[in-house]
Amino acid sequence: MEKACLCVDIGGTKTAFSLFDENDREVFYRAFATQSGQGAENLAERVFDAVSGAMGRYLVERGVIAAPGPLNAEKGVLISPVLLGWRNVAITEIFQKKFGIPFVLLNDCDAGALGVWRYGGYSDVRTLCYITVSTGIGGGTIVNGQLVAGRGNASDFGHIPVAGRKIRCGCGNVDCLELYASGTGIEARYAEKTGKKLCCAAIAECARGGDAAAREIFADASAFLNYALCVLKAVLDPERVVFGGSVCKVGDLLFAGAERAGIPIAFAGQDGKQVLYGALCRSKQMP
Ligand SMILES: [Zn+2]
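Remember, predicted model here, so these are calculated numbers, not experimental data. (Residues numbered from 1 in each chain as written. Predicted model: local features only at pLDDT ≥ 70, side-chain atom pairs only at ≥ 80, totals over all residues. Heavy atoms only, no water.)

(A) Here's a closer look at the coordination of the zinc ion. Surrounding the zinc ion are the protein donor atoms H159 (ND1), C169 (SG), C171 (SG) and C176 (SG), which sit 1.9 to 2.3 Å from the metal. Here the zinc ion binds four donor atoms, and the angle range of 107 to 112° at the metal identifies the geometry as tetrahedral. In the primary structure, the donors to the zinc ion are separated according to the pattern H-x9-C-x1-C-x4-C. You can see H159 sitting in the loop between β10 (146–147) and α4 (178–181) and its partner C176 sitting in the loop between β10 and α4, a full 17 residues away along the chain. Exposure remark for H159: the relative accessible area of 21% places this residue in the partly exposed category. (Donors = N, O, S within 2.8 Å, 3.2 Å for Na, K, Ca; no water. Tetrahedral: all angles 85-135°; square planar, octahedral: opposite > 155°, others 65-115°. Helix = DSSP H or I, 4+ residues; strand = E, 2+ residues; numbered from the N terminus. Buried < 20%, exposed > 50% of the residue type's maximum accessible area, 1.4 Å probe, protein only.)

(B) The arrangement of the sheet that holds strand β1 (residues 2–10) in detail. Taken in spatial order, the five strands line up as β3-β2-β1-β4-β7 in an open sheet, and their pairing is mixed. Where the open sheet ends on each side, the last strands, each with one partner, are β3 (26–33) and β7 (103–107). Each adjacent strand pair in this sheet contributes to an overall mean axis angle of 20°, direction not counted. In the sheet, β1 pairs with strand β2 (residues 14–21) via seven bridges, with the strands oriented antiparallel. Bridging across to β2, L6 finds its partner in L19. Helix α2 (residues 91–99) contacts β1, β4 (58–67) and β7 of the sheet and is inclined by roughly 145° relative to β7. Of the strands in this sheet, β1, β2, β3, β4 and β7 touch helix α9 (residues 274–283), which is tilted by about 130° from β1. (Pairing = 2+ DSSP bridges. Axes fitted to C-alpha atoms, helices over the stretch in contact; angles between N-to-C directions. Contact = heavy atoms within 4.5 Å.)

Encoded structure:
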């Protein structure tokens, strides 16, 4: 029987998982609503049920879980991921118990960076920053093939402070980039200005249609994102910044001026599966 590795990407709304064979080919993929309110045991159970059909054909030997932080990768514990509403969940232990195989945990933004670098066509880039713009803004940095970890929270690009309007962020600081340029941030700023609750994609539509409030919010978001890119340029001088995440769909509205910071930018392909590919990359370091 051919050996395979299970990679799981736990997100605030969606959980996606793949089996990869020994030649790094994806042989199984499924995604469903995370339903974090049902708890982590329930999630492990539903992943197990979905994968169990394929497990007859493949010998699944190991698993990697990518999830939003803050987390303790070494202990396999999700500390307090806001997007999931969980506290101190021993996620690897829960999956290990259900599947009977070893699991490891890594930060989903780090996984995205690894996946883009190793499998997305950038493995020859020595300094690469990956920035995901979605519900929040996060990222990962690869230097000479290694993730830059810092003390565990490196590349937290969403919390670069910008010259905003003294809005308090969940992290304790004020005017973090993600308050203005993430999907949630764009939606909140638009609601503040107009009293209307629209999703980010709808606000983008409004901006393209000439809605002054929507245009102003995207102009701010774009300028603040540029500022953060200038910070990146000054500190790391990366050869490439690769963007991923659902807000990339707004295109020019947010990214039109991004290259003005002087860094070549690109968008992740891989059908949005860069986090799963990053988890696969991590699996190579398992014993
Ligand atoms: Zn913050």
